[in-house]
Amino acid sequence: RMQWANDTLTIGQTWQKWGYLPTYSNILLGVNMLTAFQRGSRQPQIMWDHKINKNFNFSVGAISPTNSLGTAGGAQRVNSFTLSPYPFFEGEFSYTSDACGKIGPWQMLMSLSGFYGWDRQTYATASVTSTACPSCLPTVRTPIRYEDELETAWGAAFKGFVPIIPERKGDKGGALSLSGMVFMSQNPSWYLPSTFSLGAYNTGTSTNPSYKYPKVYGGWGQLTYWFTNNLFISGWYGYMQYDMSTRYRYQTASNGQWTNNNNIQSETNYIVNLSYDVNPAMRLGVEWDYIKTKYANYGTPIPTTPSSLPLTGFYADRSGSMNAFRIGAWYFF
């Protein structure tokens, strides 16, 4: 990282600009559960940040859309983003001010950020083998022919922090803050893990493909109130949803079972966290999480007659929920 009076050039792996607002950091215990709501990730990048004046800043740069470091499989891990000849381009424009006061290190912030990139989808247009007649030997072999399409990926996010009731002379007792982010994206690549990212699906034929990407949108919000300078409570809400087509949700295999029914269509998360700073180096916290997930379709059908096709009978539920209770401690070196 190279810094000047109004400019910073960063080359390496660090936090992405798009959708990253860590007001929950060192407060919430279930941070790993927030990936679906754009909690941020660390990506290889080249990023230029410029300070226009005291209040306005912008950033532009190139960022890797793949998990190129610390990934199982190493150099063998190849996906459609790896095959693309271009990186993702990312940018952010932000406004920040201390006119409304501060709470800890945070002051008023409003930001608009986004990315744009491409991936390369490949598909085969010829069979591996073919025969002129059943008795013909040897088998006539046809070379596999591949074609590809360069598809776009994009995302946009608006995020902000508002000190509704700022701290007074360094005492956060009675302070209240609101922070959050809303986003919309198409083909978000590594920004969402494989659990949530559906990727492209072919709606045409092998010789005339028509790739479609379901758009994903959502966001989160967090309210934090300080009872005293050392005791505070946070309420967190997040929601995300894929805009799936009916054809995708009801796609079936040859045995009559749905092939995409386990893919996540939407997720909702509620979190309540109570934190206490024992001293400047030690923080304790207790937390309750409620997560509700909706899937693309019902569970695998249970046939009334094993040999019946298509399968008929009872179906599992299309949604699920989970409660989690956590207790934790932080030590700040």
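It should be emphasised that the depicted structure is a prediction, and the values quoted were computed from it without experimental measurement.

A word on the overall build of the protein. Scanning the protein from N- to C-terminus turns up 1 helix and 17 strands. The 333 residues of the protein split such that 39% are buried.

All right, on to the packing of aromatic side chains then. Inspection of every chain in the model, using the stated rule, returns 20 aromatic pairs. Seen in terms of ring centroids, Phe56 and Tyr95 are 5.2 Å apart; in terms of plane orientation they differ by 50°. Their pairing is tilted. On the criterion of sequence distance, the pair formed by Phe56 in strand β4 (residues 56–63) and Tyr95 in strand β5 (residues 88–103) is long-range, its members being 39 residues apart. Assessed through its relative accessible area of 31%, Phe56 is described here as partly exposed. On the accessibility criterion, Tyr95 (27% relative accessible area) is partly exposed.

Along the chain, Ile144 falls in the loop between β6 (106–124) and β7 (146–165). C-alpha of Ile144 to C-alpha of Ala124: the two residues are 20 residues apart in sequence and 6.6 Å apart in space.

The next thing to look at is the pattern of salt bridges. When their charged atoms lie close together, side chains carrying opposite charge are able to pair. This structure, assessed with the given rule, holds 7 salt bridges. A salt bridge links Lys17 to Asp49; its shortest N-O distance comes to 2.8 Å. Here Asp49 lies in strand β3 (residues 42–51) and Lys17 lies in the loop between β2 (7–15) and β3, a separation of 32 residues in the sequence. Accessibility expressed as a relative area gives 17% for Asp49, which makes it buried. The partner of Asp98 in a salt bridge is Lys54, and the shortest N-O contact between them spans 3.9 Å. Placement of Asp98 in strand β5 and of Lys54 in the loop between β3 and β4 is noted, with a sequence separation of 44 residues between them. Under the relative-accessibility criterion, Lys54 is labelled exposed at 59%.

What follows covers the side chain of Ser64. Along the polypeptide, Ser64 turns up in the loop between β4 and β5. Given the relative accessible area of 16%, Ser64 is considered buried. Every residue in contact with Ser64, bar those within four places of it in the chain, is listed here: Gln43 and Pro44.

Here we come to the environment of Met282. Assignment of secondary structure puts Met282 in strand β14 (residues 282–295). Along the primary structure Met282 and Phe332 are separated by 50 residues, whereas in three dimensions their C-alpha atoms are 6.4 Å apart. Not counting the four nearest positions on each side in its chain, Met282 is found in contact with Tyr276, Asp277, Ala329, Trp330, Tyr331 and Phe332.

Inspection of the sheet shows β3 paired to β4 by 7 bridges, in the antiparallel sense. Considered in β4, the bridge of Lys51 is made with Asn57. Turn length for the β3-β4 hairpin, with the two strands adjacent in sequence and antiparallel, is 4 residues. Across 8 bridges, β4 lies against β5 in antiparallel orientation. In the sheet register, Ile63 faces β5, and the bridge partner there is Phe88.

So, about unusual backbone geometry. Even without being glycine, Asn26 reaches a positive phi, approximately 65°. One non-glycine residue, Lys169, lies in the positive phi region at around 50°.

A separate point is the side chain of Asn273. With respect to the helices and strands, the residue Asn273 is situated in strand β13 (residues 264–279). Of the residues examined, Asn273 reaches a relative accessible area of 0% and is grouped as buried. A distance of 3.0 Å separates a polar atom in the side chain of Asn273 from a polar atom in the side chain of Glu287.

Definitions and cut-offs
- Residues numbered from 1 in each chain as written.
- Predicted model: local features only at pLDDT ≥ 70, side-chain atom pairs only at ≥ 80, totals over all residues.
- Heavy atoms only, no water.
- Helix = DSSP H or I, 4+ residues; strand = E, 2+ residues; numbered from the N terminus.
- Buried < 20%, exposed > 50% of the residue type's maximum accessible area, 1.4 Å probe, protein only.
- Phe/Tyr/Trp six-rings, centres within 6.5 Å; stacked < 30°, edge-to-face > 60°.
- Salt bridge = Lys/Arg side-chain N within 4 Å of Asp/Glu carboxyl O.
- Contact = heavy atoms within 4.5 Å.
- Pairing = 2+ DSSP bridges.
- Polar contact = N/O pair within 3.5 Å; in protein donor to acceptor, adjacent residues only side chain to side chain.

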